[in-house]
Amino acid sequence: MISSTYKTALVVGATGLIGNLLTHQLVDSPSYEKVKVLVRKSLNWQHPRLQEVQFDFDHPNGLLTQADDIFCCLGTTMKKAGSKDAFRKVDHQYPLEIARLGLANGAKQLAIVTAMGADERSMFFYNRVKGEVERDLTALNYPTLLIFRPSLLLGDRGEKRFGEQLAESAMRLFNPVIPAKYKGVEATKVATAMLTTMQQGIVGKRVFESDQLQVY
């Protein structure tokens with residue numbers, strides 16, 4: 001039974017840049033007595049509040065998604081996914097399925113990272129998929145739905161991608177003269193924004209654009 005004093009958080013995508021930072025913040029937060037992470041491989045670190053749950057995203061067990069608050073940081077790239085179908089599975093199918101199962105098992109709040117420019121009518125496939133998952137999550141009617149749309153993420157990804165390194169270096173160089181909405185945003189700020197806003201009692205859907213994330 002979930003504590004009436006402290007809550008259970010569920011993190012999806014905890015091995016990624018934002019997800020990893022967020023998970024570290026969550027286990028140190030007094031708002032949660034348990035932090036569950038759905039993973040295919042271990043995070044390779046431990047904490048008394050952390051519970052790793054081996055999870056088959058293609059054959060999900062809904063009972064494993066039980067939590068008060070769900071934080072979805074799932075995401076891939078076209079290069080890593082290898083095809084549009086594979087990309088859509090990670091960035092649309094999995095988040096939507098976890099959200100449905102979580103809602104059916106008692107979740108009241110959902111926070112998800114999409115991307116700047118997310119638009120279901122976009123001519124760009126990446127932005128269109130991000131917009132479609134926002135649309136479909138909205139249709140679930142979560143009591144609280146928080147959507148975060150960061151620009152280029154700045155931070156240590158652990159894996160070196162030449163294109164992303166080049167873009168990040170350029171963004172850091174020109175950030176002072178780039179309009180706020182398009183500035184690169186530190187991944188730790190996105191994680192902090194997700195944790196902070198989830199505790200504010202927001203009702204309904206709220207979208208946070210990249211410039212709004214810079215203050216966290």
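Look above for the structure.
Residues numbered from 1 in each chain as written. Predicted model: local features only at pLDDT ≥ 70, side-chain atom pairs only at ≥ 80, totals over all residues. Heavy atoms only, no water.

K.L.:
Got a minute to help me understand the sheet that holds strand 4 (residues 69-72) in this structure?
P.N.:
In a beta sheet, neighbouring strands pair by backbone hydrogen bonds and run either parallel or antiparallel. If you walk across this open sheet you meet the 7 strands as 3-2-1-4-5-6-9, and the pairing is parallel. Here the strands that pair on one side only, and so sit at the sheet edges, are strand 3 (50-54) and strand 9 (204-209). Taking each pair of neighbouring strands and ignoring which way they run, the sheet shows an average axis angle of 15 degrees. Pairing of strand 5 (residues 109-113) with strand 6 (residues 144-149), which is carried by 5 bridges, proceeds in the parallel orientation. Looking at the pairing, A111 lines up with L146 of strand 6. Sheet strands in contact with helix 1 (residues 17-27) are strand 1 (7-12), strand 2 (32-39), strand 3, strand 4 and strand 5, and its direction is about 155 degrees off that of strand 2. The strands that helix 6 (residues 187-198) touches are strand 1, strand 2, strand 4, strand 5, strand 6 and strand 9; relative to strand 5, the one it contacts most, it runs at about 165 degrees. (Pairing = 2+ DSSP bridges. Helix = DSSP H or I, 4+ residues; strand = E, 2+ residues; numbered from the N terminus. Axes fitted to C-alpha atoms, helices over the stretch in contact; angles between N-to-C directions. Contact = heavy atoms within 4.5 Å.)

K.L.:
Could you clarify how one ought to interpret helix 4 (residues 125-138) in this entry?
P.N.:
Structural remark: α-helix, 3.6 residues per turn; residues separated by three or four positions point the same way. Its 14 residues place the ends of helix 4 20 Å apart at the C-alpha level, agreeing with the 20 Å of an ideal helix rising 1.5 Å per residue. With respect to burial, helix 4 is a largely interior element, 10 of its 14 residues being buried. All of the buried residues in helix 4 are F125, N127, V129, K130, G131, E132, V133, E134, D136 and L137. (Expected span 1.5 Å × (residues − 1). Buried < 20%, exposed > 50% of the residue type's maximum accessible area, 1.4 Å probe, protein only.)

K.L.:
Looking at this model, I keep getting lost on the environment of P143. Mind explaining?
P.N.:
With respect to the element layout, P143 can be found in the loop between helix 4 and strand 6. P143 sits in the partly exposed class, given a relative accessible area of 39%. Here the alpha-carbon distance between P143 and I202, two residues 59 residues apart in the chain, equals 8.7 Å. P143 has contacts with L103, K108, I202, V203 and G204, leaving out every residue within four places of it along the chain.

K.L.:
Mind showing me how you'd approach the pattern of salt bridges here?
P.N.:
Pairing between side chains of opposite charge can happen when the charged atoms of each approach one another. This structure, assessed with the given rule, holds 11 salt bridges. K130 is the partner of D91 in a salt bridge, and the nearest nitrogen-oxygen pair spans 2.5 Å. A residue pair is termed long-range when its members are at least 10 positions apart, and D91 in helix 3 (residues 84-104) and K130 in helix 4 qualify at 39 residues. Since its relative accessible area comes to 2%, D91 is described here as buried. Given a relative accessible area of 4%, K130 falls into the buried group. D136 is the salt-bridge partner of R135, the closest N and O atoms lying 2.8 Å from each other. Using a relative accessible area of 37% as the deciding quantity, one classes R135 as partly exposed. (Salt bridge = Lys/Arg side-chain N within 4 Å of Asp/Glu carboxyl O.)

K.L.:
Would you mind showing me how to read the nonpolar core here?
P.N.:
One recurring pattern in soluble globular proteins is that nonpolar side chains are buried together. If you look at the biggest cluster of nonpolar residues, it comprises 33 residues, and the most contacted ones within it are I18, L26, F71 and M194. The set of elements that each furnish at least two residues to this core consists of strand 1, helix 1, strand 2, strand 5, strand 6 and helix 6. Here this core takes 7 residues from helix 6, the largest share from any one element. Not counting chain neighbours up to four residues away, the residues in contact with M194 comprise I18, L22, F71, C72, C73, A111, I112, V113 and F148. Core analysis: the second largest hydrophobic core is formed by 22 residues, L38, F55, F57 and C72 among them. (Core = buried A, V, L, I, M, F, W, Y, C linked by side-chain atoms within 4.5 Å.)

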